[in-house]
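Chain residues, written in single-letter form:
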Amino acid sequence: MNRRTNALDLHVPAPHARPGDKPDFAGWTFPEPGDTPRPEIDASAGDLRDYAYGLIRVLDLDGNASGAWAPSIAAETLRRGLKYMLLTRAFDDRMYRAQRQGKTSFYMQSFGEEAVSIAQALALNVDDMCFPSYRQQGILIARDYPLVTMMNQIYSNAHDPVKGRQLPVMYSSKKDGFFTISGNLATQVPQAVGWAMASAYSGDMRIASAWLGEGSTAEGDFHAAMTFASVYKAPVIINIVNNQWAISSFQGIAGGENTTFAARGVGYGVPPLRVDGNDFLAVYAVTQWAAARARANLGPTLIEHFTYRAGAHSTSDDPSRYRPADEGRAWPLGDPIGRLHDHLVAMGEWSEVQHKQAQEEALETVRAAGREAEKVGVLSVDSAHPPASIFEDVYKEMPWHLQRQRDEAVGG
Amino acid sequence: MPSMTMIQALNSALDVMMERDQSVLTFGEDVGYFGGVFRVTEHLQKKYGAKRCFDAPINECGIAATAIGMAVYGLRPVIEIQFADYMYPAYDQLVSEAARIRYRSANDFTVPMTVRMPYGGGIRGGQTHSQSPEALFTHVAGLKTVIPSTPYDAKGLLISAIEDDDPVIFLEPKRIYNGPFDGWPDRQVAPWAKHPASETPAGYYKIALGKANIVREGSAVTVLAYGTMVHVALSAVQESGIDAEVIDLRTLLPVDIDTIVASVSKTGRCVIVHEATRTSGYGAELSALVQEHCFYQLEAPIQRVTGYDTPYPHAQEWDYFPTPPRIMKAMRRVMEA
Ligand SMILES: Cc1ncc(C[n+]2csc(CCOP(=O)(O)OP(=O)(O)O)c2C)c(N)n1
């Protein structure tokens, strides 16, 4: 194309490092742990503006906690959090390998971002309603949902609670406050707002919490959620898990080159908290703050959890094709398990022996669940669920045309 | 002539058109550096630069809408919706806008854009990676809808779509991206290299929109199919020993009515096959057309073999998918009538 001088030019964002390059996080600056003040829960959204551009940190990289955000949290709760994170990681590892062994079609890990779902599940009440994306399996694990049932779903076997209908990891459990996961990104976020509006309408005590990736904030559904949450002061927490990658697209493709994701809250008048997502204590503290605010009828909070997707997007993905292989290890804010471990050790509440033992326990728990689930069955060409089952639950009552199709299908 | 997979043929079509025409550019989720999750846009960013092949935010509405804006400016954008199952946020822009801009402006503005979408089942993708939404597009006045079934057709049709001055929905049967799957889940799929229609010219050529292809001549019954189902139908015909005529529609809108009518007038029998759900599916339109044009030649009621009217299941995929035995049964039924 012949370009005239001073002609317009199209900007297309590109990340700092691609395969073969040295990981480059030099552009990020982080406030020191403990430096960010903790506002009252009734502070106005306008007064909280700056939180969108900072980073709430409690733990330093040696495991010491400091500052107003340091939550008062029992050592026992921290140990539980650490064990749940270890369990989640062991579970992910085994199920990733199970897919590779052909036992199922698909799997997605939460490797590197376990603190988000575990710390938040522990900071919320057990009956608060969660509207997760596909990467918050930690919520179910922290609510003591049976691992074997998760595996049954992943294997679509005869004990799969969603009867083989859904892709692996698309769990659903109403009694555990875990909404049925959708494969369509961001749809759950405005639904969470609606649930929260219903809870407020009904004079209930429960709040809602939704999760989505930074990539998914580009979807219109996220913006619908922010608008409704703001207008109706819905008792909801909207969590953006900024793990910096949306499959192969770095966060700049979702708008992260120009501002933070927390800053999306500023325009909507929703308090925007930006937090170190690998800092268990900080995630716990901001969740407590947002939950208290919602319970006090003060409305929604937007939280950006800054973390890093340490694993592949899914078993269908190969991140070495689009980002440096060692980028995850270079992430300056470390690994959530290592950091909580260091903190507990620094407190004198944990030891290497205990850690090793907890790791082994996690492995053994996952192994035992795996044996049990595999005994029931793994995915194969012949479904464990009869052909007639696909016609159930389309409607409450089966219309004539589905009855006829079912009879034809069963008749062979 | 080089042998190509359908992915390579589609990639080659984009390459040829980007080389020939500066106004052609392509974008979508993961389309740029990575080359798309199915690799259809591989190497294009490297070859043509990030301004002509780039990643889009995850917002299908925005992808469609900005492409409309570019097309209105005078470019020929080719967008990728990562899976057809994710096109719904874009639907308003496609239906209310792309489809009608020529009409509502009385030719003042036009939208020469192509919307590529991998669609269809057979990959164990569950309900959000398996849908066949073609009828949601053929129902809309102002859109054209194209579905190839071979590498050769895919390239020639995509080039025609890009050169077309109206918006074209280009649905790619992802199950046959890498080989002509013929509907038997536990049999090995032959690679495209073994199929004659993988022979694909490296350069520019076109296959006209609106022209069907008779992939097997026969006299006993006409089987209408498109996409993956062309290969599934051929396999059913072969196993059944029935002398069926199999027509690959290639373009669903505008459909090649002359070829359909000539064939059904000859055979007097018709079986329609698609993966999509049955009720108000594209097969209903085909059935109505055949009835309207061939009523006095028909010897038996028209049969439809389709996906059932349920969401697309994961584990029960092979109970849901219209496999060759179901097509054979329908052919026998029309033969016995
Ligand atoms: C509406 C819709 N569009 C596209 C996709 C395909 N897709 C699945 S995951 C994904 C990336 C999401 O990235 P992000 O929101 O950052 O979450 P992360 O995977 O990093 O947790 C894409 C594009 C989809 N599932 N739904």
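Residues numbered from 1 in each chain as written. Chains lettered and ligands numbered in written order. Predicted model: local features only at pLDDT ≥ 70, side-chain atom pairs only at ≥ 80, totals over all residues. Heavy atoms only, no water.

Surrounding the ligand, one finds 20 residues, the nearest of these being A:Tyr134, A:Arg135, A:Gly183, A:Ser216 and B:Glu60. Those chains with residues close to the ligand are chains A and B. A distance of 2.6 Å separates an oxygen atom of the ligand from a polar atom in the side chain of A:Tyr134. Notes on the ligand: free accessible area 590 Å², of which the protein chains cover 96%. Looking at the shell around the ligand residue by residue, the classes come out as seven nonpolar, eight polar and five charged. (Near = heavy atom within 4 Å. Polar contact = N/O pair within 3.5 Å; in protein donor to acceptor, adjacent residues only side chain to side chain. Areas by Shrake-Rupley, 256 points an atom, 1.4 Å probe, with all protein chains shown as cover. Nonpolar A, V, L, I, M, F, W, Y, C, P; charged D, E, K, R; others polar.)

Listed per partner, the contact involves 47 residues of chain A and 44 residues of chain B. Counting each side, the surface lost to burial between chain A and chain B is near 3,700 Å², with a carbon and sulfur contribution of 57%. A per-residue breakdown of the area chain A buries against chain B is headed by A:Arg321, A:Val381 and A:Ile390, which together make up 15% of the total. In this structure, the connection of chain A to chain B is made through two salt bridges. Close ionic contact of A:Arg321 with B:Glu42 constitutes a salt bridge, the shortest N to O distance being 3.3 Å. Linking chain A with chain B are 16 residue pairs in polar contact (both at pLDDT 80 or more), by the criterion used here. Per element, the largest residue contribution to the side of chain A that touches chain B is five residues, and it comes from helix α12 (residues 400-411) of chain A. (Contact = heavy atoms within 4.5 Å. Buried area = accessible area lost by both parts, 1.4 Å probe. Salt bridge = Lys/Arg side-chain N within 4 Å of Asp/Glu carboxyl O. Helix = DSSP H or I, 4+ residues; strand = E, 2+ residues; numbered from the N terminus.)

All right, on to the packing of aromatic side chains then. The geometry of an aromatic ring pair comes down to the distance between the two centres and the angle between the two planes. All names here are of chain A. Across all of its chains, the model carries 25 aromatic pairs over all chains by this definition. Each ring, one from Phe-25 and one from Trp-331, has its centre 5.0 Å from the other, and the planes form 75 degrees; the classification is edge-to-face. Taken together, the residues Phe-25 in the segment before α1 (75-100) and Trp-331 in the loop between α9 (327-330) and α10 (336-346) connect sequence positions 306 residues apart. When sorted by exposure, Phe-25 lands in the same class as Trp-331, which is buried. (Phe/Tyr/Trp six-rings, centres within 6.5 Å; stacked < 30°, edge-to-face > 60°. Buried < 20%, exposed > 50% of the residue type's maximum accessible area, 1.4 Å probe, protein only.)

Turning next to helix α2 (residues 114-123) of chain A. Of all 10 residues making up α2(A), 10 are buried, and the element is well covered by its neighbours. Looking at α2(A), one finds that the buried residues are A:Glu114, A:Ala115, A:Val116, A:Ser117, A:Ile118, A:Ala119, A:Gln120, A:Ala121, A:Leu122 and A:Ala123.

Residues and elements named next belong to chain A. Orientation of α2 relative to helix α8 (residues 280-295), taken along the N-to-C sense of each, is 45 degrees, at an axis distance of 8 Å. By the angle class used here, α2 and α8 are oblique. Crossing angle aside, the handedness with which α2 passes α8 is right-handed. Residues Ala-115, Val-116, Ile-118, Ala-119, Gln-120, Leu-122 and Ala-123 of α2 lie in contact with α8, whose contacting residues are Phe-280, Val-283, Tyr-284, Thr-287 and Gln-288. Here the residues of the contact of α2 with α8 sort into nine nonpolar, three polar and no charged. (Axes fitted to C-alpha atoms, helices over the stretch in contact; angles between N-to-C directions. Parallel < 35°, antiparallel > 145°, perpendicular 65-115°, else oblique. Left-handed = near helix turned anticlockwise from the far one by under 90°.)

Attention shifts here to the pattern of salt bridges. Scanning the model with the defined rule gives 35 salt bridges over all chains in all. A:Glu349 is the partner of A:Arg79 in a salt bridge, and the nearest nitrogen-oxygen pair spans 2.8 Å. Taken together, the residues span a long stretch of sequence, with A:Arg79 in helix α1 and A:Glu349 in the loop between α10 and α11 (352-376) at a distance of 270 residues. For B:Glu245, the salt bridge is made with B:Lys266, and the minimal N-O distance between the two is 2.6 Å. Within this pair, whereas B:Glu245 is found in strand β9 (residues 244-248), its partner B:Lys266 is found in helix α9 (residues 257-267), the two being separated by 21 residues in sequence. Sharing partners across several salt bridges, the network here consists of A:Glu76, A:Arg79 and A:Glu349.

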